[in-house]
Amino acid sequence: MSLVSLSQQLLYHGYNGTEGWTGFVNEGTWVIFAIILVPVYIMLVAWFTGTPRDTKSGLLGVSYLVGLTTSMWVGMFVLTVIIGVVFYGGAPEPVGAPGP
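Thresholds, definitions, all that
- Starting afresh in each chain, residues are numbered from 1 along the sequence in its written order.
- The predicted nature of this model means local features are confined to residues of pLDDT at least 70 and side-chain atom pairs, given and counted, to a pLDDT of 80 or more, with totals for whole chains, interfaces and linings taken over all residues.
- Heavy atoms from the whole structure form the basis of all side-chain values; hydrogens and water molecules are not counted.
- Only runs of H or I of at least four residues qualify as helices and only runs of E of at least two qualify as strands under DSSP, and these elements are numbered from the N terminus.
- With a 1.4 Å probe rolled over the protein chains alone, any residue whose accessible area is under 20% of its type maximum counts as buried; one over 50% counts as exposed, and the rest are partly exposed.
- Per-residue and other accessible areas follow the Shrake-Rupley method at a 1.4 Å probe size, with only the shown protein chains counted as cover for residues.
- Only centres within 6.5 Å qualify two rings of Phe, Tyr or Trp (six-membered ring in Trp) as a pair; their planes then separate them into stacked at under 30 degrees, edge-to-face at over 60, and tilted for everything else.
- Here pLDDT means the predictor's own confidence in every residue, given as a number from 0 to 100.
- The patches reported here contain residues having more than 30% relative accessible area and no salt bridge. Joining distances are 9 Å for like charges and 5 Å for nonpolar side chains (Val, Leu, Ile, Met, Phe, Trp, Tyr).
- Put simply, a salt bridge is a Lys or Arg side-chain nitrogen that is within 4 Å of an Asp or Glu carboxyl oxygen.

Broken down by element type, the protein chain carries 4 helices and 0 strands. Beginning at the N terminus, the succession of helices and strands in the protein chain can be written as α-α-α-α. Counting only residues that meet the buried cut, the protein chain has 5% of its 100 residues in that class. Of the roughly 8500 Å² of accessible surface on the protein chain, a fraction of 73% belongs to carbon and sulfur atoms.

Dropping the structure here:
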């Protein structure tokens, strides 16, 4: 057993990389956006259809949600690129070269 195959066995436990872009839409993404976030969707609809209606407050809430979500996604993307460069010798797939 070579050093490369031993390190892959220790790091990945026999699992190979996914086909195509890593992190692209798969089962987990559908579960999160279709099931887990249903209460958030209901809350957003209630801000604009409930009584009393206050469109200004509803838009303020939507802008807060979009801002928080964007900051988390961008922050995790930057962290992922940094981890890829430091520990794996290159940026991950959407930024760097495709994987196996």
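Now that the structure is up, let's keep going.
So, on to the packing of aromatic side chains. Applying the stated criterion to the full structure yields 1 aromatic pair. Note on Phe33 and Trp73: the rings are 6.3 Å apart at their centroids and 65° apart in plane angle, and the pair reads as edge-to-face. Of this pair, Phe33 sits in helix H2 (residues 27-36) while Trp73 sits in helix H4 (residues 55-88); the two residues are 40 residues apart in sequence, bridging distant segments of the chain. Of the residues examined, Phe33 reaches a relative accessible area of 36% and is grouped as partly exposed.

Take unusual backbone geometry next. Apart from glycine, the bulk of residues carry a negative phi angle, and the bulk of peptide bonds sit in the trans form. For the bond running from Thr51 to Pro52, omega is -10°, close enough to zero to count as cis. On the secondary structure map, Pro52 appears in the loop between helix H3 (38-49) and H4.

The next point concerns the confidence of the model for the protein chain. Chain-level pLDDT for the protein chain is 80 on average; 75% of the residues reach the 70-or-more range. Within the protein chain, the lowest mean pLDDT, 67, falls on helix H1 (residues 3-12), and the highest, 91, falls on H4.

A cluster of nonpolar side chains, namely Val31, Ile32, Phe33, Ile35, Ile36, Val38, Val40, Tyr41, Ile42, Met43, Met72 and Trp73, defines an oily patch on the protein surface of about 1100 Å² accessible area. If you list the elements that add at least two residues to the nonpolar patch, you get H2, H3 and H4. Among the structural elements, Val40 can be located in helix H3. The partly exposed category is assigned to Val40, whose relative accessible area is 30%.

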